[in-house]
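Residues per chain are reported as follows:
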Amino acid sequence: MRLQARWDGQAAPAVDAPLADLFLSGAGEREPAKGLLAGYDPEQHAGYLYFPMPFGHSADLELVNPTG
């Protein structure tokens, strides 16, 4: 799964990243990953993102499965 984000009606995504990498768990659910802007708690299967959202009027966030 990938997260794609577009700001203010952009055609191309400003963000296009795998979810596991965004939540710092790309190597699997082995250890908690706790950062200032992103993290993941494998015991609760919960992640967080605190990245600034640089939009003026709208934000479009979409989960995409590129494998069909």
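Coordinates for the structure precede this section.
Every chain is numbered on its own, with residues counted from 1 as its sequence reads. Residues qualify for local features only when their pLDDT is at least 70, as the model is predicted, and side-chain atom pairs are given and counted only at 80 or more; totals for whole chains, interfaces and linings, by contrast, use all residues. Computation of side-chain values covers all heavy atoms of the structure but excludes hydrogens and water.

Caption draft 1: Just the sheet that holds strand S6 (residues 59–64), in detail. With antiparallel pairing, the 3 strands of this open sheet are ordered in space as S2-S1-S6. Taken across any chain shown, the strands that pair with only one partner, and hence form the sheet edges, are strand S2 (15–18) and S6. Between one strand and the next, the sheet's axes are offset by a mean angle of 15 degrees, whatever the strand orientation. Pairing geometry for strand S1 (residues 2–7) and S6, over 6 bridges, is antiparallel. Only strands that DSSP links by at least two bridges are regarded as paired with each other. Strands are runs of DSSP state E lasting at least two residues, helices are runs of H or I lasting at least four, and both sets are numbered from the N terminus onward. All axes are obtained by fitting lines to C-alpha atoms, using only the stretch in contact for helices, and the reported angles, taken between N-to-C directions, cover 0 to 180 degrees.

Caption draft 2: A look at the pattern of salt bridges. Any Lys or Arg side-chain nitrogen found within 4 Å of a carboxyl oxygen on Asp or Glu counts as a salt bridge. The tally for this structure, following the rule as stated, stands at 2 salt bridges. With a shortest N-O distance of 2.8 Å, Arg-2 and Asp-16 are connected by a salt bridge. With Arg-2 in strand S1 and Asp-16 in strand S2, this residue pair connects regions lying 14 residues apart in the sequence. Each residue is assigned to one of three classes by its accessible area relative to the maximum for its type, calculated with a 1.4 Å probe on protein chains only: buried under 20%, partly exposed between the two thresholds, exposed over 50%. Overall, Arg-2 belongs to the partly exposed group, its relative accessible area being 25%. By relative accessible area, Asp-16 is classed as partly exposed at 39%. Between Arg-6 and Glu-62 there is a salt bridge, with its nearest N and O atoms 3.5 Å apart. Linking Arg-6 in strand S1 with Glu-62 in strand S6, this pair joins segments that are 56 residues apart in sequence.

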